Amino acid sequence: MGVKAALARLAAGAPARCFAVVGAEADEIAPWLRLDPELVIVDSPRAADVLLVLGQLDDEMVRAAAGVHDALPPPRGVVSWSPGGERPVSWPFTDDVRVDDPAQIPAACRRLRDELLSGRRASSPDILPDIDPAPWRGVGPFGQGGAGMTGGVPYGRPLAARADDRDGLKLDQILVRVGPYLPPFPSGLVLDVKIQGDVIQEVSIPTPAAVAPDLISAGAHSAGAHSLTGERALFNAAVTQPVPVADIEVARARHHLVWLAEALRVSGLEAYGRRVLKLARTVRPEAAEPVDDLSRWLRRNVSLRWGTSGVGMVSASRAAALPGGPVARAAGDGRDARSLDPAYERLGFTPVVLEDGDALARWRVRVDEAQQALALAQRAGESLTTPIGLVEGPCGPIGGERSTSAALVTMLPELLVGMEWGDAVTTVVSLDIDMAEAALPHDAAVASRAS
Amino acid sequence: MNALRVVIAVVSVGAVSVAGIYLAAWVDLLVGRAVAGLEVRPLDALSAPLRWGAATALKTRTTTERPDAETWALAPALLAALAAVGLAAVPLAPGLLAADVANGIVLFGAAMALVVVAVFLQGWSPNSPLPMIGGYRFIAEGLSYEIPLAVVLIAAALPARSLAIAPIVTSQEHLWNIVRQPLGLPLYLMAGLGLAFWGPLALPEGQDLAGGSSLETSGVSRILWRTAQLLVLVAVAAMGAAVFLGGWLGPLFPGAAWMIVKTIILLVPLIATRHFVARVPTERYVVVSWAILIPLSLLDVFIAGIQALVAAR
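Residues numbered from 1 in each chain as written. Chains lettered and ligands numbered in written order. Predicted model: local features only at pLDDT ≥ 70, side-chain atom pairs only at ≥ 80, totals over all residues. Heavy atoms only, no water.

## Things to note about the sheet that holds strand β9 (residues 199-204) of chain A
All names here are of chain A.
Piece 1. An order of β6-β7-β8-β9 is seen for the four strands of this open sheet, with the pairing classed as antiparallel. With partners counted over all chains shown, the strands left at the sheet margins are β6 (161-164) and β9, one partner each. Averaged over all pairs of adjacent strands, the angle between strand axes in this sheet comes to 40°, irrespective of strand direction.
Piece 2. The pairing of β6 with strand β7 (residues 170-178) spans four bridges and is antiparallel. Bridge assignment links R162 to a residue of β7, and that residue is D172. (Pairing = 2+ DSSP bridges. Helix = DSSP H or I, 4+ residues; strand = E, 2+ residues; numbered from the N terminus. Axes fitted to C-alpha atoms, helices over the stretch in contact; angles between N-to-C directions.)

## Quick look at the domain arrangement of chain A
Piece 1. Taken domain by domain, chain A consists of domain 1 (2-118) and domain 2 (213-450).
Piece 2. Relative to domain 2 of chain A, the C-alpha centre of domain 1 of chain A lies at a distance of 29 Å. (Domains from an automatic or database assignment.)

## So, the pairing of strand β1 (residues 16-22) of chain A
Residue and element names in this part refer to chain A.
Piece 1. With respect to burial, β1 is a largely interior element, seven of its seven residues being buried.
Piece 2. Along β1, one buried face is formed by A16, C18, A20 and V22 and the opposite face, lined by R17, F19 and V21, is buried too.
Piece 3. One ladder, built from three bridges, connects β1 with strand β2 (residues 39-41); its direction is parallel. Residue pairing across strands places A16 opposite L39, the latter belonging to β2.
Piece 4. Both β1 and strand β3 (residues 50-54) contribute to a ladder of five bridges, which runs parallel. Paired with A20 across the two strands is L52, which belongs to β3. (Buried < 20%, exposed > 50% of the residue type's maximum accessible area, 1.4 Å probe, protein only.)

## So, the interface of chain A and chain B
Piece 1. Each partner contributes to the interface: chain A provides 54 residues, whereas chain B provides 49 residues.
Piece 2. Of the roughly 4300 Å² buried between chain A and chain B, counting both surfaces, carbon and sulfur atoms make up 59%.
Piece 3. When the buried area of chain A at its contact with chain B is split by residue, A:R17, A:R46 and A:W306 rank highest and sum to 17% of it.
Piece 4. Counting the contacts that link chain A with chain B gives 20 residue pairs in polar contact (both at pLDDT 80 or more). (Contact = heavy atoms within 4.5 Å. Buried area = accessible area lost by both parts, 1.4 Å probe. Polar contact = N/O pair within 3.5 Å; in protein donor to acceptor, adjacent residues only side chain to side chain.)

## A few points about the side chain of B:E141
Residue and element names in this part refer to chain B.
Piece 1. Secondary-structure assignment places E141 in helix α6 (residues 129-157).
Piece 2. Of the side chains bearing the opposite charge, R137 lies closest to the buried E141, which forms no salt bridge; the N-O distance is 7.3 Å.
Piece 3. Within polar-contact distance, the side chain of E141 engages the side chain of Y145 at 3.1 Å.
Piece 4. Contact partners of E141, with chain neighbours within four places excluded, come to L203, T282, Y285 and V286. (Lys, Arg positive; Asp, Glu negative; His and termini not counted. Salt bridge = Lys/Arg side-chain N within 4 Å of Asp/Glu carboxyl O.)

## As for the packing of aromatic side chains
Piece 1. In total, this model carries twelve aromatic pairs over all chains according to the counting rule given.
Piece 2. Their ring planes at 70° and their centres at 5.7 Å tell us that A:Y344 and A:F349 sit as a pair that is edge-to-face.
Piece 3. Residue A:F349 is classed as buried on the basis of its relative accessible area of 9%.
Piece 4. Grouped by ring-pair contacts, the aromatic residues B:F138, B:Y145, B:F197, B:W225 and B:Y285 constitute a single cluster.
Piece 5. One cation-aromatic arrangement involves A:R87 over A:W91; the distance from NZ or CZ to the ring centre is 5.4 Å.
Piece 6. The residue whose ring lies beneath A:R366 is A:W259, and the NZ or CZ to ring-centre distance is 4.4 Å. (Phe/Tyr/Trp six-rings, centres within 6.5 Å; stacked < 30°, edge-to-face > 60°. Lys NZ or Arg CZ within 6 Å of the ring centre and 35° of its normal.)

## So, the pattern of salt bridges
Piece 1. Taken as a whole and assessed by the stated rule, the structure comprises 32 salt bridges over all chains.
Piece 2. A salt bridge links A:K194 to A:E202; its shortest N-O distance comes to 3.6 Å.
Piece 3. A relative accessible area of 26% means that A:K194 is categorised as partly exposed.
Piece 4. You can call A:E202 partly exposed: its relative accessible area is 42%.
Piece 5. The shortest N-O distance in the salt bridge between B:R284 and A:D423 comes to 2.8 Å. Of the two residues, B:R284 is situated in helix α12 (residues 282-312) and A:D423 in helix α15 (residues 421-431); the pairing between them involves two chains.
Piece 6. Assessed through its relative accessible area of 23%, B:R284 is described here as partly exposed.
Piece 7. One salt-bridge network, held together by shared partners, links A:E249, A:R252, A:R329, A:D336, A:R338, A:E369 and A:E392.

Here's what the structure looks like:
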């Protein structure tokens, strides 16, 4: 007991380690938590003290979050924040610490961790029953749950199958479901992947987008009310009403920098990612030099070029099938809704277009666009956008028939097949898929914007 | 007298291990904060590894569905033991080494070659897909690190005409191997980074695998794994200091002090790579290793051989 108490006292000075599950309306809160000294966002629930449940989750995502919760090693606890304080009926975290103000999340995590480690608060018990996901014991000739040597489903999962590999050998192939909370992927993305070694052989999407449309459309009405930047609300508003060009462009630069911070983190440069995130928080048009420095650093960084060059090629024909956005512009397709706006024409706007179509080109397009956005914001003064029913959002046009993110999710299976796991992750990250946008059906999108 | 010497050597290796691990964790934190543009606060950061260790030690060691429990428990111990064996072969000062064997360089190379077993077990044992991919990756990469490491160490042993470390150190009395064999140290450090799966070569544990081979590890096992990993880096830096930077040789100060300073000189940049160089793609690194690094290491040993022949005349 004495040793435990001493360890708990010592541990009290460390930041709380949190695994974050991020639902609708929390995508503008979650990234900034990485800047808070009171907590550390970890990649694995096994390394976490606290499960941080942010935003609105539908039943499927709540079930997945319960599974993540049970993977946290005790003593563990849950801190939750939801816009408007609403929780779904199926909410399984009965002893969670509920936070109303997002600014209080870090302190709540730290306090909860200290209480858990010192024994002042009981660890949160398992939520899911410890049973096999499907009956299989005793089924089949070998009791393996199915027919044949490799036909069983022990523990409710298929055994490894045999399949040809790229060298013509027959090797084990396993089916893995990844998501909806795998850290390098956008929250909500679920993929069924068949892998052989670390080569992806088949990809399918069990649900096109795991974030429920009803939650999204409900959230879209109040988007911005609880967020730090209100980026989504700003771009949505610009579809139907004039908004300051400077505001839109600073929001674009900030979005691209937040994306870059995460992309750097996934590439292994976590500390530099944090530096970029700090820059994103304070970015201003009149102080654009740090972004120029960042652009120069990125161009010089051989290791980043090596990891992204030639990876995740989006051909010109694939780019043409997209509604637009930075992914298409990185593949030579110059469509940009800003070209249609007279306000941008007056500012001398021309879209940033690169030809290569790989992950490196997408990195460069976004960084160049961040620089360009700050320059436009500085030149724009008080000028307003012209509401033409279409706005160039940071991931693609908003207000069209279909979102770029939805098109990118649909494109994933054919894009990822044949890649090594690392390249597949680099590709997914470089596409900057917004799952909330991907899940937004056209009708709901129009309705939410009209409001 | 000999027994006392061995006891002193073992205690010294233990002390160097603990100090090296702590220093590595501290430097990593400081460099990370500096790169992130945060206030560095070296004194505050001194307690951070201890606090992390205390918080982690209080967590339960969780398990997964049908893991290979024995090998999972063994993996961190094996990694730590291999790193300790590697470090034991490095003399801190003349005669001050735990494993005074006639072929210390072979012992070190053998210990580092077996690191692949520990990392694979760590990835494979939890019966979980992403850790397993991590384990596979290390198997795929293993030879790309082991061959250059072994070859440049052999090259460093040639001028001494001995496989024991002490003669290799004394053979650098007039000229360190870093000057005599300029290809050796960079190739050795690259291989060492790979064997410690650190920084740009943290392939089995990359963020793309959400932690990879140690994704499922919690509690005391996590502490053991992390410290064992840092100990591999310390062993690599210490051996590099002995074999390429003249070991204990140096004016004014005692040999052990020189050895420690030179080890730190190599350890700090090794640790810092994590914050400056992005993780390299697995397959492309293997290609570069076999097409460029291994041929360069062979060139290194070829040049060392010619130098040894010329010196023998």
